[in-house]
Amino acid sequence: MARATQVLAVTTTVAVVAAIWLFVDNRSLRAQLSDRATGSAAAAAASEKVADPEGLDPWARASRGGTGAKMHGTPPALPEAKEESRLEKRQRRQAEFAAMFGRGSGETPDEYRARMVPLIKTGLAIPRAHVEELRKQAEAAAHITAEQSKKLDAAFDKAYSNVLDYANKEIADGTLSPYERNVSGMLEFAGGLGTMLGEVNGQVGQVLSPDQVKALGDSGFEWGEYLAVEAPWEKLDPPPPKH
């Protein structure tokens, strides 16, 4: 059970970051598509205003009339697009990740929070709504009372506080850093997170009866997944500036 919770912590931690990344990336893509659409419309409108073929550029006139090429030279050509290698793509993605989640030059902690908190909340909105709905269904299936649910929330609040303290320590000492790839550090963090979330199972057993715990398990609900998504990650301390 402990190992399964640690594996879940790894995958959920990655999912949390991915949800935020995809939200920001999709927003950027939508902005680019909007800009391209605007540019295409402007280009089309401009082309409609060209009534005289002689108003075209000299290389276009040369291609139509067969003259002018000698005068104006070889038409300009765009450089061939270079295909990224897997290593180059990984390096580019890491640079983008560092620019998004790292502290900018001269950026204060308050400025960092003002930039990141809305992104984190929006990126986690759908996953959080999903696990909240799963919890409602699981609690109904296990016949968990409103009083029991409140006791569980109190236990979770303590777990969240411990998780944030643990994560902030890892951020401060550089184990979790947006500036470099540190797979071993991420796995170390996720392992500790899995242990902390696994301890919540014992607290759940003190609130619920064995039959209720079994009913939750049979429903497919997993407290580790719920806690990892619902943890208040938007309250994390900003990372130190890049040296």
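Residues numbered from 1 in each chain as written. Predicted model: local features only at pLDDT ≥ 70, side-chain atom pairs only at ≥ 80, totals over all residues. Heavy atoms only, no water.

Asker: Looking at this structure, how should I read the overall build of the chain?
Answerer: Scanning the chain from N- to C-terminus turns up nine helices and zero strands. Beginning at the N terminus, the succession of helices and strands in the chain can be written as α-α-α-α-α-α-α-α-α. The buried share of the chain, reckoned over its 243 residues, is 33%. Here the chain displays about 15600 Å² of accessible surface, and carbon together with sulfur accounts for 58% of that area. (Helix = DSSP H or I, 4+ residues; strand = E, 2+ residues; numbered from the N terminus. Buried < 20%, exposed > 50% of the residue type's maximum accessible area, 1.4 Å probe, protein only. Areas by Shrake-Rupley, 256 points an atom, 1.4 Å probe, with all protein chains shown as cover.)

Asker: Even after reading the chapter, I still don't get the confidence of the model for the chain, so can you show me in this structure?
Answerer: When pLDDT drops low, the exact placement of atoms in the prediction is not to be read closely. Of all residues in the chain, 69% have pLDDT values of 70 or greater, and the mean over the chain is 78. This model gives residues 48-53 a pLDDT under 50, and the stretch forms three contacts once residues within four places in sequence are excluded. (pLDDT = per-residue confidence, 0-100. Contact = heavy atoms within 4.5 Å.)

Asker: So what exactly am I meant to see when it comes to the packing of helix α5 (residues 109-141) against helix α9 (residues 223-230) here?
Answerer: Any two packed helices are characterised by the angle at which their axes cross and by the distance between the axes. Viewed as axis vectors pointing N to C, α5 and α9 meet at an angle of 145 degrees, and their least axial separation amounts to 9 Å. Both α5 and α9 take part in a crossing whose hand is left-handed. Here Leu-124, Pro-127, Arg-128, Val-131, Glu-132, Arg-135 and Glu-139 of α5 come into contact with α9, specifically with Trp-223, Glu-225, Tyr-226, Val-229 and Glu-230. A per-class count over the contact of α5 with α9 returns six nonpolar, no polar and six charged. (Axes fitted to C-alpha atoms, helices over the stretch in contact; angles between N-to-C directions. Left-handed = near helix turned anticlockwise from the far one by under 90°. Nonpolar A, V, L, I, M, F, W, Y, C, P; charged D, E, K, R; others polar.)

Asker: In this structure, what is going on with the packing of aromatic side chains? I would like to understand it.
Answerer: Aromatic rings considered in pairs are described by the distance between their centres and by the relative angle of their planes. Tallied over the full model, the rule gives seven aromatic pairs. The interplanar angle of 40 degrees and the centroid separation of 4.5 Å between the aromatic rings of Phe-97 and Phe-101 together place this pair among those described as tilted. In this pair, Phe-97 and Phe-101 are both assigned in helix α4 (residues 86-101), four residues apart and thus about one turn of the helix distant. Here Phe-101 falls in the buried class, since its relative accessible area comes to 11%. Summarising the aromatic geometry, the rings of Phe-156 and Tyr-226 are spaced 6.0 Å apart at their centres and angled 50 degrees between planes, so their arrangement reads as tilted. Of this pair, Phe-156 sits in helix α6 (residues 146-172) while Tyr-226 sits in helix α9; the two residues are 70 residues apart in sequence, bridging distant segments of the chain. (Phe/Tyr/Trp six-rings, centres within 6.5 Å; stacked < 30°, edge-to-face > 60°.)

Asker: What's the story with unusual backbone geometry in this structure? I'm lost.
Answerer: Across the chain, the bulk of peptide bonds are trans and the bulk of non-glycine residues have phi less than zero. Phi at His-143 is positive, roughly 55 degrees, even though this residue is not glycine. Within the secondary structure layout, His-143 lies in the loop between α5 and α6. Classification of His-143 by relative accessible area gives exposed; the value is 65%.

Asker: Would you mind going over the environment of Arg-115 with me for this structure?
Answerer: Considering the arrangement of structural elements, one finds Arg-115 in helix α5. We classify Arg-115 as partly exposed; its relative accessible area is 29%. Sequence separation of Arg-115 and Met-100 is 15 residues, and the distance between their C-alpha atoms is 9.4 Å. With residues near it in sequence (within four places) discarded, Arg-115 still touches Ala-99, Met-100, Gly-102 and Glu-107. A polar side-chain atom of Arg-115 sits 2.6 Å from the main-chain carbonyl oxygen of Met-100. (Polar contact = N/O pair within 3.5 Å; in protein donor to acceptor, adjacent residues only side chain to side chain.)

Asker: Please clarify how α9 should be interpreted in this entry.
Answerer: Note on helix geometry: an α-helix contains 3.6 residues per turn, so any two residues three or four positions apart are oriented the same way. Most of α9 is tucked away: seven of the eight residues are buried. One side-chain oxygen of the residue at the start of α9 lies 2.9 Å from the amide nitrogen of Gly-224, identifying that residue as Glu-222.

Asker: Quick question: what am I supposed to make of a positive patch on the surface here?
Answerer: Together, Arg-86, Lys-89, Arg-90 and Arg-181 give the surface a local cluster of positive charge. Tracing the chain through its elements places Arg-86 in helix α4. (Patch = residues over 30% accessible without salt bridge, like charges linked within 9 Å, V, L, I, M, F, W, Y side chains within 5 Å. Salt bridge = Lys/Arg side-chain N within 4 Å of Asp/Glu carboxyl O. Lys, Arg positive; Asp, Glu negative; His and termini not counted. Charge placed at Lys NZ, Arg CZ, Asp CG, Glu CD.)

Asker: Even after reading the chapter, I still don't get the pattern of salt bridges, so can you show me in this structure?
Answerer: Oppositely charged side chains can pair when the atoms bearing their charge come close. Taken as a whole and assessed by the stated rule, the structure comprises twelve salt bridges. We note a salt bridge from Glu-107 to Arg-115, for which the minimum N-O separation is 2.9 Å. The class for Glu-107 is buried, based on a relative accessible area of 14%. In this structure, Arg-113 and Asp-237 form a salt bridge, with 4.0 Å as the shortest nitrogen-oxygen distance.

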